[in-house]
Amino acid sequence: MSVRSLILACFGLMTAAPLAAQADSTISMDSLRTLLRTGKRAIVDSNMTLTPAETAKFWPVYDAYQADLAKLNTRTGTLIKGFADAYNKGGVTDAVATQMTNEFIAIERDRVTLMQSYLPKFNAAIPPTKVARYYQIENKLRAVVNFGLADAIPLVQ
């Protein structure tokens, strides 16, 4: 299966999951996150073509990276929730807008710093061409998530 097909399938899961959560309140956000992480890992696995030796070195680095990335994603979720709360209470003040903009930029800076900090670890685990491929896959998946967020989040008024 191609990266594109897998990304579309992942996007389908991400967009369908909130609808399922609305229909069945027993579905928790944690279970949805687990489902998405599992899907992401499958996408990466099916597109990396790792040798057995590379596999043994790559996945521990991947898992550590994903754990650190999850912290940034939690910050992003908190930022989005804060925006939604302010937006639903009648609008975003200048002070809140400034705070949110600064946090958004800080998260993006920290994301780049994280990618840079893991680059030597990935390079020690797999060849540079496969590191580039992995970062491409991460970027494509992030683009799908960002598209969904951009579609769902209204502009500040």
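Residues numbered from 1 in each chain as written. Predicted model: local features only at pLDDT ≥ 70, side-chain atom pairs only at ≥ 80, totals over all residues. Heavy atoms only, no water.

K.L.:
What am I meant to see in the environment of aspartate 110 here?
P.N.:
With respect to the helices and strands, aspartate 110 occurs in helix α4 (residues 94–125). Put simply, aspartate 110 and leucine 72 are 38 residues apart on the chain and 7.7 Å apart in space, counted from C-alpha to C-alpha. Not counting the four nearest positions on each side in its chain, aspartate 110 is found in contact with Leu72 and Arg75. Looking at aspartate 110, its side chain comes within polar contact range of the side chain of arginine 109, at 3.5 Å. (Helix = DSSP H or I, 4+ residues; strand = E, 2+ residues; numbered from the N terminus. Contact = heavy atoms within 4.5 Å. Polar contact = N/O pair within 3.5 Å; in protein donor to acceptor, adjacent residues only side chain to side chain.)

K.L.:
What is the right way to read the pattern of salt bridges from this model?
P.N.:
Where charged atoms of side chains with opposite charge meet at close range, the side chains can pair. One pass over the full model with this rule turns up 10 salt bridges. Between lysine 81 and aspartate 85 there is a salt bridge; the shortest N-O distance is 3.0 Å. With lysine 81 and aspartate 85 both in helix α3 (residues 52–88), this residue pair falls four residues apart, about one helical turn. A salt bridge links aspartate 110 to arginine 109; the nearest nitrogen and oxygen atoms lie 3.5 Å apart. (Salt bridge = Lys/Arg side-chain N within 4 Å of Asp/Glu carboxyl O.)

K.L.:
I'm lost on the side chain of glutamine 66 in this one. Help?
P.N.:
For glutamine 66, the location among the structural elements is in helix α3. In this structure glutamine 66 comes out as buried when scored by relative accessible area, which is 13%. Setting aside residues up to four positions removed in sequence, glutamine 66 forms contacts with Lys40, Tyr134 and Glu138. (Buried < 20%, exposed > 50% of the residue type's maximum accessible area, 1.4 Å probe, protein only.)

K.L.:
Explain the packing of aromatic side chains to me, please; I cannot follow it from the model alone.
P.N.:
Remark: the centre distance and the inter-plane angle together describe each pair of aromatic rings, the angle taken between the planes. Summed over the entire model, instances satisfying the criterion amount to 15 aromatic pairs. For the pair tyrosine 65 and phenylalanine 122, a centre-to-centre distance of 5.7 Å together with 75° between the ring planes defines the contact as edge-to-face. With tyrosine 65 in helix α3 and phenylalanine 122 in helix α4, this residue pair connects regions lying 57 residues apart in the sequence. Exposure remark for phenylalanine 122: the relative accessible area of 0% places this residue in the buried category. In textbook terms, an aromatic cluster arises when at least three aromatic residues are bridged by ring pairs, as seen for Phe58, Trp59, Tyr62, Tyr65, Tyr118, Phe122, Tyr134 and Tyr135. Sitting over the ring of tyrosine 118, lysine 121 keeps its end group 4.3 Å from the ring centre. (Phe/Tyr/Trp six-rings, centres within 6.5 Å; stacked < 30°, edge-to-face > 60°. Lys NZ or Arg CZ within 6 Å of the ring centre and 35° of its normal.)

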